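As a plain string of letters, each chain reads:
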Amino acid sequence: QVQLVESGGGLVQAGGSLRLSCAASGSIFSINNMGWYRQAPGKQRELVAVIASGGSTNYLDSVKGRFTITRDNAKNTVYLQMNSLEPEDTADYYCNAHVVTVARSIINSWGQGTQVTVSS
């Protein structure tokens, strides 16, 4: 019913930047919160940043001031601009969206993940 497709991961040196994108498609009426999670090897998945439909945001403490989450509601797309990347940011990054479908059901949808590797 709903698909999230991510792009923008890759390998970057410490101090560099990457921009992740996630586009939602399918039977969408509206999208509430959209966010990015990450999971490093051997660690639990953690919330990196979230943005509400109205634009309010919250960030993981360790990324505040370095990462910026934005969204384009017309395109059902969320972005994560990551600056001053550190090796500790290395992880698989997952897009998440709370979608209200055309049938008015609510789906907690996930992307397939995109890998971010930061070399020291």
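Numbers given to residues run from 1 along each chain, matching the order in which its sequence is written. In keeping with the predicted nature of the model, local features appear solely for residues at pLDDT of at least 70, side-chain atom pairs appear and are counted solely at 80 or more, and the whole-chain, interface and lining totals rest on all residues. Hydrogens and water molecules were not included; the side-chain quantities draw on all heavy atoms of the structure.

Peer 1: Could you clarify how one ought to interpret the pattern of salt bridges in this entry?
Peer 2: Where side chains of opposite charge bring their charged atoms close, a pairing between them can arise. Throughout this description, the term salt bridge denotes a Lys or Arg side-chain nitrogen within 4 Å of a carboxyl oxygen of Asp or Glu. This model, assessed by the stated rule, comprises five salt bridges. Residue Asp89 is joined to Arg38 by a salt bridge in which the shortest nitrogen-to-oxygen separation is 3.0 Å. One end of the pair, Asp89, is in the loop between β8 (77-82) and β9 (91-101); the other, Arg38, is in strand β4 (residues 28-39), with 51 residues separating them in the sequence. Residue Asp89 shares its accessibility class with Arg38, and that shared class is buried. Here Arg66 makes a salt bridge to Asp89, at a shortest N to O gap of 2.8 Å. Residue Arg66 is located in the loop between β6 (57-59) and β7 (67-72), and its partner Asp89 is located in the loop between β8 and β9; the two are separated by 23 residues in the primary sequence. For the residue pair Arg66 and Asp89, the accessibility class agrees, reading buried in each case. A helix here means a DSSP run of H or I that spans at least four residues, while a strand means a run of E at least two residues long, and both kinds are numbered starting from the N terminus. When accessible area is computed with a 1.4 Å probe and restricted to protein chains, residues below 20% of their type maximum are described as buried, those above 50% as exposed, and intermediate ones as partly exposed.

Peer 1: Honestly, unusual backbone geometry in this entry has me stumped. Any pointers?
Peer 2: Among all residues except glycine, the phi angle is most often negative; among peptide bonds, the trans geometry is most common. Even without being a glycine, Ser84 presents a positive backbone phi close to 50°. Within the fold, Ser84 resides in the loop between β8 and β9. In this structure Ser84 comes out as partly exposed when scored by relative accessible area, which is 40%.

Peer 1: How do you make sense of the nonpolar core when you look at a structure like this?
Peer 2: If you look at soluble globular proteins, the nonpolar side chains tend to sit buried side by side. Core analysis: the largest hydrophobic core is formed by 29 residues, its most contacted members being Trp36, Phe67, Val78, Leu80, Met82 and Tyr93. Of all elements in the fold, only β1 (2-7), β3 (18-26), β4, β5 (46-51), β7, β8, β9 and β11 (114-119) reach the threshold of two or more residues within this core. Contact criterion: two residues are considered in contact whenever any of their non-hydrogen atoms come within 4.5 Å of each other. In this structure Met82 touches Gly16, Ser17, Leu18, Leu20, Arg66, Phe67, Tyr93 and Val116, once residues within four positions along its chain are discounted. The term nonpolar core refers to a set of buried residues drawn from Ala, Val, Leu, Ile, Met, Phe, Trp, Tyr and Cys, joined through side-chain atoms within 4.5 Å.

Peer 1: How should I be thinking about the pairing of β1 in this particular structure?
Peer 2: Residues Val2, Leu4 and Glu6 point to one face of β1 and are all buried, whereas Gln3, Val5 and Ser7, pointing to the other face, are not buried. Pairing of β1 with β3, which is carried by six bridges, proceeds in the antiparallel orientation. If you follow Leu4 over to β3, its bridge partner there is Ala24. The criterion for strand pairing is that DSSP finds at least two bridges linking the strands in question.

Peer 1: Can you walk me through the environment of Val5 in this structure?
Peer 2: Topologically, Val5 is positioned in strand β1. Classification of Val5 as partly exposed rests on a relative accessible area of 48%. In sequence terms Val5 and Gly111 are 106 residues apart; their C-alpha atoms lie 5.7 Å from each other. Here Val5 is in contact with Ser21, Cys22, Ala23 and Gln112, once residues within four sequence places are set aside.

Peer 1: Is there a simple way to think about the sheet that holds β7 in this case?
Peer 2: Two pairing modes exist for strands in a sheet, parallel and antiparallel, and in both the strands are linked by backbone hydrogen bonds. Here we have four strands laid out as an open sheet, ordered β1-β3-β8-β7, and antiparallel in their pairing. Each of the sheet's edge strands pairs with one partner strand only, and the pair in question is β1 and β7. In this sheet, adjacent strand axes meet at a mean angle of 15° when their direction is disregarded. Here β3 runs beside β8; their pairing, made up of six bridges, is antiparallel. Throughout, an axis means a line fitted to C-alpha atoms (over the contacting stretch in the case of helices), and angles, computed between N-to-C directions, take values from 0 to 180 degrees.

Scope: geometric values only; no functional claims are made or implied.
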